[in-house]
Amino acid sequence: MALFPMFVNIRGRYCLVLGGGCVALRKIRTLLLAGGEVHVCSREYAPPLTEMAAEGKVFFEGADALEECLSKAFLVVCAASDQNFNERIARLCQSRRIPVNCATSEKLSTFIFPSVVMAGPVAVGICVDPPAPSLSAHIRREIESFLPEWYGPLGEELGKLRVLLRPMVASGECRRRIMERLTDYGLEHQGHIPMTVFYNFIEEEEQNEDH
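Residues numbered from 1 in each chain as written. Predicted model: local features only at pLDDT ≥ 70, side-chain atom pairs only at ≥ 80, totals over all residues. Heavy atoms only, no water.

1. Describing the overall build of the chain
So, step 1. Looking only at helices and strands, the chain features eight helices and seven strands.
So, step 2. Taken over C-alpha atoms, the radius of gyration comes to 22 Å for the chain, far larger than the 17 Å a tight globule of 211 residues would show.
So, step 3. Across its three principal axes, the chain shows a C-alpha extent of roughly 70 × 35 × 35 Å.
So, step 4. Per-residue burial over the chain gives 34% buried out of 211 residues.
So, step 5. Looking at the chain as shown, the accessible area adds up to about 13000 Å², and 54% of this sits on carbon and sulfur atoms. (Helix = DSSP H or I, 4+ residues; strand = E, 2+ residues; numbered from the N terminus. Rg over C-alpha atoms; globule rule 2.2 N^0.38 Å. Buried < 20%, exposed > 50% of the residue type's maximum accessible area, 1.4 Å probe, protein only. Areas by Shrake-Rupley, 256 points an atom, 1.4 Å probe, with all protein chains shown as cover.)

See below:
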């Protein structure tokens, strides 16, 4: 049975990663793409992680601070090389109802890292259950080849117009039609939506409402 695809806002949230190797690095990069505040606790760190810490992208924590880190964590990733340690911390997180991903035990994970395609505000997650990483990677490549570079800017623009539209048009149904027309226009013009088009669509739809 497929897992429920729930997208969570982690921007600025305290994300704790245990482990400093290649597996942890992959997961850290995904967390950073989503805006997480990533704290890493490990005995050793891969060179890319050391560079990221020097640049202020991630924060290293000492092993003696683990309990304090767990008390702050919005989510935890157990990706250390020690399986027993991963599973002990994963169980502890479960007992405290902290969302946890355990790289060495799917059964102890309360959330998974999907294969992700990101383009600005557009995020596509791919999950195959039971896991089939090669199939997930193939699907991700297919989606990446389909998504034009301007989908990200288009998503950002539509998001701004949606906020602007809400206080201007009272009817929810009218707003829905306007947003559909703006989306179609943006897709036809590679993400470019002039404000004149925005206001014209509002005027036309409100006239239709009156009739």
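Let's pick the thread back up.
2. Thoughts on the confidence of the model for the chain
So, step 1. When pLDDT is averaged along the chain, the result is 91, and 99% of the positions lie at 70 or above.
So, step 2. Looking over the chain, one finds the lowest element-wise mean pLDDT in strand β6 (residues 115-119), namely 81, and the highest in strand β1 (residues 14-18), namely 98. (pLDDT = per-residue confidence, 0-100.)

3. Let's talk about helix α1 (residues 22-33)
So, step 1. The first and last C-alpha atoms of α1 sit 17 Å apart over twelve residues, in line with the 16 Å expected at 1.5 Å per residue.
So, step 2. Buried within α1 are the following residues: A24, L25, K27, I28 and L31.
So, step 3. One or two residues past the end of α1 sits G35, with phi positive at roughly 85°. (Expected span 1.5 Å × (residues − 1).)

4. Observations concerning the packing of helix α6 (residues 151-165) against helix α7 (residues 172-188)
So, step 1. Orientation of α6 relative to α7, taken along the N-to-C sense of each, is 155°, at an axis distance of 11 Å. Relative to α7, the element α6 lies roughly antiparallel. When you trace α6 past α7, the crossing you get is right-handed. In this structure, α6 uses Y151, L154, L158, L161, R162 and L165 to contact α7, whose residues at the interface are R175, I178, M179, L182, T183, G186 and L187.
So, step 2. Classifying every residue of the contact of α6 with α7 gives nine nonpolar, two polar and two charged. (Axes fitted to C-alpha atoms, helices over the stretch in contact; angles between N-to-C directions. Parallel < 35°, antiparallel > 145°, perpendicular 65-115°, else oblique. Left-handed = near helix turned anticlockwise from the far one by under 90°. Contact = heavy atoms within 4.5 Å. Nonpolar A, V, L, I, M, F, W, Y, C, P; charged D, E, K, R; others polar.)

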